[in-house]
Structures are given as structure tokens and as C-alpha cells.
Amino acid sequence: MQNKIKKLLSGPLIVSVLLMVVPLVATSFLTVYFVQHEDYFLAFSTIGWVSFTLLGIFTQALAITPPTFCGLVLGFFWGWKTLPLLFVINLLSILLIYFLVKRIDSNRFSNFINSNPKASKLLKSIRTDELKIITLTKLSPVLPFTLTNFIFALSGAKLKNILLGGFLGMIPRTVVAVWSGTKAKEIKQLLENPNEGAFQQILLIGLILLSAIGLFVVINKAIARVS
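Residues numbered from 1 in each chain as written. Predicted model: local features only at pLDDT ≥ 70, side-chain atom pairs only at ≥ 80, totals over all residues. Heavy atoms only, no water.

Novice: Before we go on, may I ask you to explain the overall build of the protein in this structure?
Specialist: A tally of regular secondary structure across the protein gives 13 helices and zero strands. Each helix and strand of the protein, ordered N terminal to C terminal, gives the series α-α-α-α-α-α-α-α-α-α-α-α-α. Buried positions account for 43% of the 227 residues belonging to the protein. Put simply, of all contacts in the protein between residues at least 6 apart along the chain, 83% involve residues at least 24 apart. Accessible surface for the protein amounts to roughly 12500 Å². Of this, 70% is attributable to carbon and sulfur atoms. (Helix = DSSP H or I, 4+ residues; strand = E, 2+ residues; numbered from the N terminus. Buried < 20%, exposed > 50% of the residue type's maximum accessible area, 1.4 Å probe, protein only. Contact = heavy atoms within 4.5 Å. Areas by Shrake-Rupley, 256 points an atom, 1.4 Å probe, with all protein chains shown as cover.)

Novice: Looking at this structure, I do not really get the packing of aromatic side chains. What am I missing?
Specialist: Each aromatic ring pair is characterised by the separation of its centres together with the angle its planes make. Tallied over the entire structure, the rule returns 20 aromatic pairs. Feature note: the residues F29, Y33, F34, Y40, F41, F44, W49, F52, F69, F76, F77 and W78 constitute an aromatic cluster, connected by ring pairs. (Phe/Tyr/Trp six-rings, centres within 6.5 Å; stacked < 30°, edge-to-face > 60°.)

Novice: How should I be thinking about the environment of I97 in this particular structure?
Specialist: In this structure, I97 sits in helix α6 (residues 83-105). A C-alpha to C-alpha distance of 9.3 Å links I97 and F58, two positions 39 residues apart in sequence. For I97, the contacting residues outside a window of four places in its chain are A61, F145, T146, N149 and F150.

Novice: What is the right way to read the packing of helix α9 (residues 130-139) against helix α11 (residues 159-183) from this model?
Specialist: How two helices pack is summed up by the angle between their axes together with the distance between the axes. The contact between α9 and α11 brings their axes to 7 Å, and the two run at 30°. Considered as vectors, α9 and α11 are oriented roughly parallel to each other. With respect to the hand of their crossing, α9 and α11 are arranged in right-handed fashion. Seen from α9, the contacting residues are E130, L131, I134, T135, K138 and L139; seen from α11, they are N161, I162, L164, G165, G166, L168, G169, M170, P172 and R173. The residue makeup of the contact of α9 with α11, split by class, is eight nonpolar, five polar and three charged. (Axes fitted to C-alpha atoms, helices over the stretch in contact; angles between N-to-C directions. Parallel < 35°, antiparallel > 145°, perpendicular 65-115°, else oblique. Left-handed = near helix turned anticlockwise from the far one by under 90°. Nonpolar A, V, L, I, M, F, W, Y, C, P; charged D, E, K, R; others polar.)

Novice: How should the packing of α6 against helix α10 (residues 145-154) be read in this particular structure?
Specialist: Two elements in contact, α6 and α10, have axes whose closest approach is 9 Å; the angle formed by their N-to-C orientations is 50°. On the basis of their axis angle, the class for α6 and α10 is oblique. Crossing of α6 against α10: the hand is right-handed. Residues N90, S93, I94, I97, Y98, V101, K102 and D105 of α6 form the contact with α10, whose own contacting residues are F145, T146, N149, F150, A153 and L154. Of the residues contributing to the contact of α6 with α10, the split by class is eight nonpolar, four polar and two charged.

Novice: Can you help me understand empty space enclosed by the protein in this one?
Specialist: If you roll a probe as big as a water molecule over the atoms, it shows you where there is empty space left. With the rule as written, the count across this model stands at one cavity of 30 Å³ or more. Approximately 60 Å³ is the volume found for the largest cavity. Contributing to the lining of the largest cavity are T68, L72, R173, V176, A177, S180, P194, N195 and L204. Mapped onto the lining of the largest cavity, the elements with two or more residues apiece are α5 (67-78) and α11. It is α11 that contributes the most residues to the lining of the largest cavity, four residues altogether. In terms of residue class, the lining of the largest cavity is built from five nonpolar, three polar and one charged. (1 Å grid on protein atoms, 1.4 Å probe; cavity = no way out; pocket = protein on both sides within 12 Å on 5 of 7 lines; lining within 4 Å. Points joined across faces, edges and corners; volume = space filled by probe spheres on them.)

Novice: Explain unusual backbone geometry to me, please; I cannot follow it from the model alone.
Specialist: Most peptide bonds take the trans configuration, and most residues that are not glycine carry a negative phi. Positioned with a positive phi, A63 is a non-glycine residue whose angle comes to about 65°. Mapped onto the secondary structure, A63 falls in the loop between α4 (56-61) and α5.

Novice: I keep staring at a nonpolar patch on the surface and nothing clicks. Help me out?
Specialist: A contiguous nonpolar patch, built from F58, L62, I64, L100 and I104 and spanning about 470 Å² of accessible area, is present on the exposed surface. Relative to the elements of secondary structure, F58 occurs in helix α4. Taking the relative accessible area as the measure of exposure, F58 reaches 48% and is therefore partly exposed. (Patch = residues over 30% accessible without salt bridge, like charges linked within 9 Å, V, L, I, M, F, W, Y side chains within 5 Å. Salt bridge = Lys/Arg side-chain N within 4 Å of Asp/Glu carboxyl O.)

Novice: Looking at this model, I keep getting lost on the layout of surface pockets. Mind explaining?
Specialist: Counted as a void, the largest pocket has a volume near 620 Å³. As for the largest pocket, its lining consists of 27 residues, and the residues nearest its centre are L24, T27, P66, T68 and P141. Going through the elements one at a time, α1 (2-36), α5 and α10 are the ones with two or more residues in the lining of the largest pocket. Of all the elements, α1 adds the most residues to the lining of the largest pocket, at seven residues. By residue class, the composition of the lining of the largest pocket is 18 nonpolar, eight polar and one charged.

Novice: Could you clarify how one ought to interpret the side chain of N161 in this entry?
Specialist: In this fold, N161 is placed in helix α11. Among residues more than four places away in sequence, those in contact with N161 are E130, L131, I134 and G166.

The structure is reproduced here in C-alpha cells:
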């Protein structure tokens, strides 16, 4: 039994660690790159920035660039006109992650959970508030985008709830990121101190608190239903 659990969870565990480490390394490298090539990106044509923005579908899905980082950079270089594209990118990234997980996992994790009566009962209770949980999770800028989508897909959440909850939850944090980018005077200052302004800090803290309190209430209700 122990070997079975180890075999089952080793893959998801390794992927989860990578999904937390890769964004840190990638954004550090990209920060230096954008600072060194600021004039080049400022001179981009409309076709250039649209094409560059669409790359975010893959970079976000593969945990290379978090949505907040993309919002800051695109807000700085190209302003509010990138906001609709960022919403599209977020949805397509979520969709790509979902199908990648389903392809790789082949329902092994959900089958393992279902084989455990207590875990299965709790998961079914949580799924009653699935949309709320996904939306509240996506509200928080500190919870990794790719990792949370990976977990939702792995747990067997419905695709429509993952997409709708992801879209609704990502709206406030994406708007805040783009707004912060439009207000910055230098890309270096923005990327090194993304939450420098007092108002940005208040907004982000508010989103984190709303996410944390909401998740605490919803998950506690789910646990109470199976107790």
C-alpha cells in the first residue's frame, strides 16, 4: 500500500514543486531582460504586442510567467488595451493546463481518492461549493496560478467551474496588475517593487484576506457536512 501511494503521488508532488520554483527563477531572469531591453519593447508595433501577449497562453500554463507578472509588464508597455487579451489568455491557459493534466494523469489521482471512503466523502462535500472555492482561490495573488489549476484538474473539478471560477477570480487581480503597470514610470522600479504604492498594497491585502476568509468559511462548511 505504501509503495502504491508513493508511486501515485510522486509525480504530482514533483510537478507541484516545479510549479512553485520555475516561476521564481523565470521572473527573475525576465525582470533583468525587460530592464535591459525597455526601449525595444516600447517601440513594439500593435501586431508585435498582440503576438507577444498571446505567448502568455503558454508561459502562464507552463508556470514560466505568473498572470500578475504578465499584467504588470503589459500594463507598463502597452496600457489598458492589453486587458481584454489578458482575460482571454487567462482562460486559454486554464484550459490548456486542464487538458495537459487530464492527458498525463488519466484520472489516477481521482481514482485513488475515490478508493478511500473518508477522502471521497470529503471531496464530494467540497464539490458542492466547487465554484466558490475556485473563485476564492483565484482571487488571491499569492496562490500560484498554474499550481492551483493543476490541483483543480487533478481533483476532478468540472471544467465549466474551473473556467468560470478562474475567470471571475482573476478579474480583480488582473485589473490591479495592469493598473499598477500603467502607473509605473520605470520598468525596473515596477518589477523590483510591484506593490510599492499604498493603494496597491491595500487592494492586494484586501484580495488576499477575502480569499483566505472565504476559503476558510466554505471549506469548514464542507468539513462539517461530513462530520
